[in-house]
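Here is how the chains run, residue by residue.
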Number of protein chains: 2
Amino acid sequence: MGIKERRDREKKEHRQRILDEALQIITKEGFAALSMRKLAEKIEYSAASIYLHFRNRDEIARELSEVGYGQLFEFLTAAAQEKDAVKRLRAVGEAYVSFGLKHPEIYRLIFMSDAAYIEAVFIENNEDSAANKSYRILLGIAEDLKRSGHYRGKAASSEVADMIWTTWHGIISLKLTCTNFPMTPVETLVALMGKTIVEGLGAKRLPVSGRTPSVAKKR
Amino acid sequence: MGIKERRDREKKEHRQRILDEALQIITKEGFAALSMRKLAEKIEYSAASIYLHFRNRDEIARELSEVGYGQLFEFLTAAAQEKDAVKRLRAVGEAYVSFGLKHPEIYRLIFMSDAAYIEAVFIENNEDSAANKSYRILLGIAEDLKRSGHYRGKAASSEVADMIWTTWHGIISLKLTCTNFPMTPVETLVALMGKTIVEGLGAKRLPVSGRTPSVAKKR
DNA sequence: GTCTATATGAGGATAGAC
DNA sequence: GTCTATCCTCATATAGAC
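Since this is a predicted model, take the numbers as computed values, not measurements.

## Side note on the packing of aromatic side chains
- According to the stated counting rule, one finds 16 aromatic pairs over all chains in the structure shown.
- Seen from their ring centres, Tyr96(B) and Tyr107(B) are 5.8 Å apart, and the 85° between their planes marks the pair as edge-to-face. Of the two residues, Tyr96(B) sits in helix 5 (residues 85–102) while Tyr107(B) sits in helix 6 (residues 104–111), which places them 11 residues apart along the sequence.
- Overall, Tyr96(B) belongs to the buried group, its relative accessible area being 3%.
- Taking the centre distance of 5.7 Å and the plane angle of 35° together, the rings of Tyr96(B) and Trp168(B) count as tilted. Of this pair, Tyr96(B) sits in helix 5 while Trp168(B) sits in helix 9 (residues 157–177); the two residues are 72 residues apart in sequence, bridging distant segments of the chain. Of the two residues examined, Tyr96(B) and Trp168(B), each falls in the buried class.
- The rings of Tyr69(A), Tyr96(A), Tyr107(A), Phe111(A), Tyr135(A), Trp165(A) and Trp168(A) are connected pair by pair, giving a single aromatic cluster.
- Here the guanidinium or amino end of Arg57(A) rests over the ring plane of Phe31(A), the centre of that ring lying 4.3 Å away.

Printed below as a string of structure tokens:
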């Protein structure tokens, strides 16, 4: 049965080669630039042969998205070793943003294009998907912030985690769409954001929504 | 010279009609669905005739972006009447997010696709562009927060404004890409975010970056 | 079984007839 | 000024060669 094994192995390698080249194209030129023809040229096969390995262009995109979530997870994991929740919040935030800056087209693909990719990963996939594991890093930070007395509000940890996530996503996605705006450097934004959120969550006085805090009275 | 005037007027009207139909297509089906052929069918002219009014599809996109910035500006202006900076922050934030939810495809076009559109507006255009005026609403809030003693940090108003903007953008853009995630409802996120930022900016104790605040010591 | 060649139909853009 | 005809690029599908 060695022949079948070799054939299977070769087919798998061929498939992987297609994915590798596709990733290169996306990384360099963005997802929109990924065409079956261009990809076929790169792998030195006809376009039709790609369809023997992938149902369509979308299936390639979905697989590459998962690669992207994996890369992001590695970035985050490396930064999530810090014990202290506040330090970890800052480290992971910086890692998240630096991933986006380093792999802008991948970030666009996984978080700024079709909702189908990310939803497939979060909803259908198992708990061990890279995207879910990344989210749990974030959730862990929110829980630790609460545990260590860094926040006093009533918000659930998942809400705090979502707030932090949207924050980082906001910075990187706006930067990718508009390289010159906001003019504040990304690093400054990450630092200011992190500090403001930590202090906001842990603030002792919680002014009732809508009322002006006493400090402002002197106006 | 009345004939020339009528001709000019008719041409202008025709151009406007193209834009109107294009806006409808984008609003309903998204920018990707805007094809010259489909547009031609709507206006009941040949596709080639569109090129007499617009250099290419991109030029239509750019003009529609400006319409979009104008619509956003109107949303924000209506919410920016409130005198109190904190209340205004919340009102404008809600308006920003509700614009994004109400006109998702327009939002995608102006803030989530090509950097060229937004950069053209912010950089090349005059101070009176809708995008610049919108930004100044935000900047005004940041300045008023500072003036009324709501924040004590060293961050410049423009940095605070950018932080607030990225925050709102993060919420809406993540929601548009991933309708089921984050699971926290948009309204909850906006409220939590607004509260956390106001309290974070105004917090009395400013723990030195990297040190754990005293509350956490008990861990 | 795996590939090449080719067909189909959508789309952007343009030349040239009227 | 408007149209038809056309060219190019693209995703996708399939027939049939090997």
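## Some remarks on the environment of Met36(B)
Residue and element names in this part refer to chain B.
- The residue Met36 is located in helix 2 (residues 36–43) in this model.
- Distance from Met36 to Arg57, taken between C-alpha atoms, is 7.2 Å for residues 21 residues apart in sequence.
- Not counting the four nearest positions on each side in its chain, Met36 is found in contact with Ala47, Ile50, Tyr51, Asn56, Arg57 and Ile60.

## Focus on the nonpolar core
- With 142 residues, the main nonpolar core has Ile60(A), Trp165(A), Ile60(B) and Trp165(B) as its most contacted residues.
- Setting aside residues no more than four positions away along its own chain, Ile60(B) makes contact with Leu19(B), Ala22(B), Leu34(B), Met36(B), Leu39(B), Ile50(B) and Phe54(B).

## Focus on the protein's contact with DNA strand C
- Every residue near DNA strand C is listed here: Tyr45(A), Ser46(A), Ala48(A), Leu52(A), Leu34(B), Ser35(B), Met36(B), Arg37(B), Ala48(B), Tyr51(B), Asn56(B) and Arg57(B).
- A breakdown of the atoms of DNA strand C within 4 Å of the protein gives sugar and phosphate a share of 47%.
- A distance of 2.5 Å is found between a phosphate oxygen of DNA strand C and a backbone nitrogen or oxygen belonging to Met36(B).
- Here a base nitrogen of DNA strand C sits 2.6 Å away from a polar atom, N or O, in the side chain of Arg37(B).
- When the residues that make up the surface near DNA strand C are grouped by side-chain class, the tally is seven nonpolar, three polar and two charged.

## Quick word on the interface of chain A and chain B
- Opposite the 65 residues of chain A that make contact, chain B presents 65 residues.
- On inspection of chain A and its partner chain B, the count reaches nine residue pairs in polar contact (both at pLDDT 80 or more).
- Those elements that provide at least two residues to the side of chain A that touches chain B are helix 5 (85–102), helix 6 (104–111), helix 7 (115–124), helix 8 (130–147), helix 9 (157–177) and helix 10 (186–202) of chain A.
- With 15 residues, the top contributor of residues to the side of chain A that touches chain B is helix 9 of chain A.
- Split into classes, the residues belonging to the side of chain A that touches chain B amount to 29 nonpolar, 21 polar and 15 charged.

## Some remarks on unusual backbone geometry
- Of note in this structure, Glu44(A) is not a glycine but carries a positive phi near 60°.
- Mapped onto the elements of the fold, Glu44(A) is located in the loop between helix 2 (36–43) and helix 3 (47–50).

## Here we look at the protein's contact with DNA strand D
- Lining the immediate surroundings of DNA strand D are 14 residues, of which Ser35(A), Met36(A), Arg37(A), Arg57(A) and Leu52(B) lie closest.
- When the atoms of DNA strand D within 4 Å of the protein are sorted by group, sugar and phosphate make up 46%.
- Between DNA strand D and Met36(A) there is a distance of 2.8 Å, counted from a phosphate oxygen to a backbone nitrogen or oxygen.
- Arg57(A) is positioned such that a nitrogen or oxygen atom in its backbone is 3.0 Å from a phosphate oxygen of DNA strand D.
- Counting residues per element, the ones that place at least two in the surface near DNA strand D are helix 2 of chain A together with helix 3 (47–50) of chain B.

## Side note on helix 10 (residues 186–202) of chain B
- A rise of 1.5 Å per residue sets the reference length of helix 10 of chain B, with its 17 residues, at 24 Å; its end C-alpha atoms lie 24 Å apart and thus fit the reference within 8%.
- Most of helix 10 of chain B is tucked away: 12 of the 17 residues are buried.
- For helix 10 of chain B, every residue scored as buried is listed here: Val186(B), Leu189(B), Val190(B), Leu192(B), Met193(B), Thr196(B), Ile197(B), Val198(B), Glu199(B), Gly200(B), Leu201(B) and Gly202(B).
- Each element contacted by the buried residues of helix 10 of chain B is listed here: helix 9 and helix 10 of chain A together with helix 5, helix 8 (130–147) and helix 9 of chain B.

## Points about the relation of the copies chain A and chain B
- Between the two copies, chain A and chain B, the superposition gives an RMSD of 0.2 Å; the rotation angle is 179° and the shift along the axis is 0.0 Å. Taken together, the turn and the small shift mark the pair as related by a two-fold rotation axis.
- Most of the interface of chain A is mirrored in chain B, where 100% of its interface residues are also at the interface.

## Re the confidence of the model for chain A
Residue and element names in this part refer to chain A.
- With 91% of its residues at a pLDDT of 70 or more, chain A has an overall mean of 89.
- Mean pLDDT values over the elements of chain A span from 74, in helix 7, up to 97, in helix 5.
- Every residue in residues 205–219 is under pLDDT 50, and counting partners more than four places away or in other chains gives 21 contacts.

Conventions adopted
- Within every chain, residues take consecutive numbers counted from 1 along the sequence as written.
- Labels follow written order: the first chain is A, the first ligand is 1, and so on.
- The predicted nature of this model means local features are confined to residues of pLDDT at least 70 and side-chain atom pairs, given and counted, to a pLDDT of 80 or more, with totals for whole chains, interfaces and linings taken over all residues.
- With hydrogens and water excluded, all non-hydrogen atoms of the structure serve as input to the side-chain values.
- Aromatic rings from Phe, Tyr and Trp, taking only the six-membered ring of Trp, are treated as a pair when their centres fall within 6.5 Å; an angle between ring planes under 30 degrees marks them as stacked, one over 60 as edge-to-face, and anything in between as tilted.
- Helix and strand labels come from DSSP, where a helix needs a run of H or I of at least four residues and a strand needs a run of E of at least two; each type is numbered from the N terminus.
- Using a 1.4 Å probe on the protein chains alone, a residue whose accessible area is under 20% of its type maximum counts as buried, one over 50% counts as exposed, and one in between counts as partly exposed.
- Charge-over-ring contacts are defined here by two conditions on Lys NZ or Arg CZ: a distance within 6 Å of the ring centre and an angle within 35 degrees of the ring normal.
- Contacts are residue-level and defined by heavy atoms, with any inter-residue pair within 4.5 Å sufficient.
- To qualify as a nonpolar core, a set must consist of buried Ala, Val, Leu, Ile, Met, Phe, Trp, Tyr and Cys residues joined through side-chain atoms within 4.5 Å.
- One heavy atom suffices: a residue is near a molecule or strand as soon as one of its heavy atoms comes within 4 Å of it.
- Two N or O atoms form a polar contact when they lie within 3.5 Å of each other; inside protein one atom must be a possible hydrogen donor and the other a possible acceptor, and for residues adjacent in sequence the pair counts only when both atoms belong to side chains.
- Nonpolar residues are Ala, Val, Leu, Ile, Met, Phe, Trp, Tyr, Cys and Pro. Charged residues are Asp, Glu, Lys and Arg, and all others, Gly as well, are polar.
- What a helix is expected to span follows from its residue count: subtract one and scale by 1.5 Å.
- In this comparison the copies share one frame, found by least squares on the C-alpha atoms of residues holding pLDDT of at least 70 in both.
- The predictor attaches a confidence to each residue, and that confidence, scored 0 to 100, is pLDDT.

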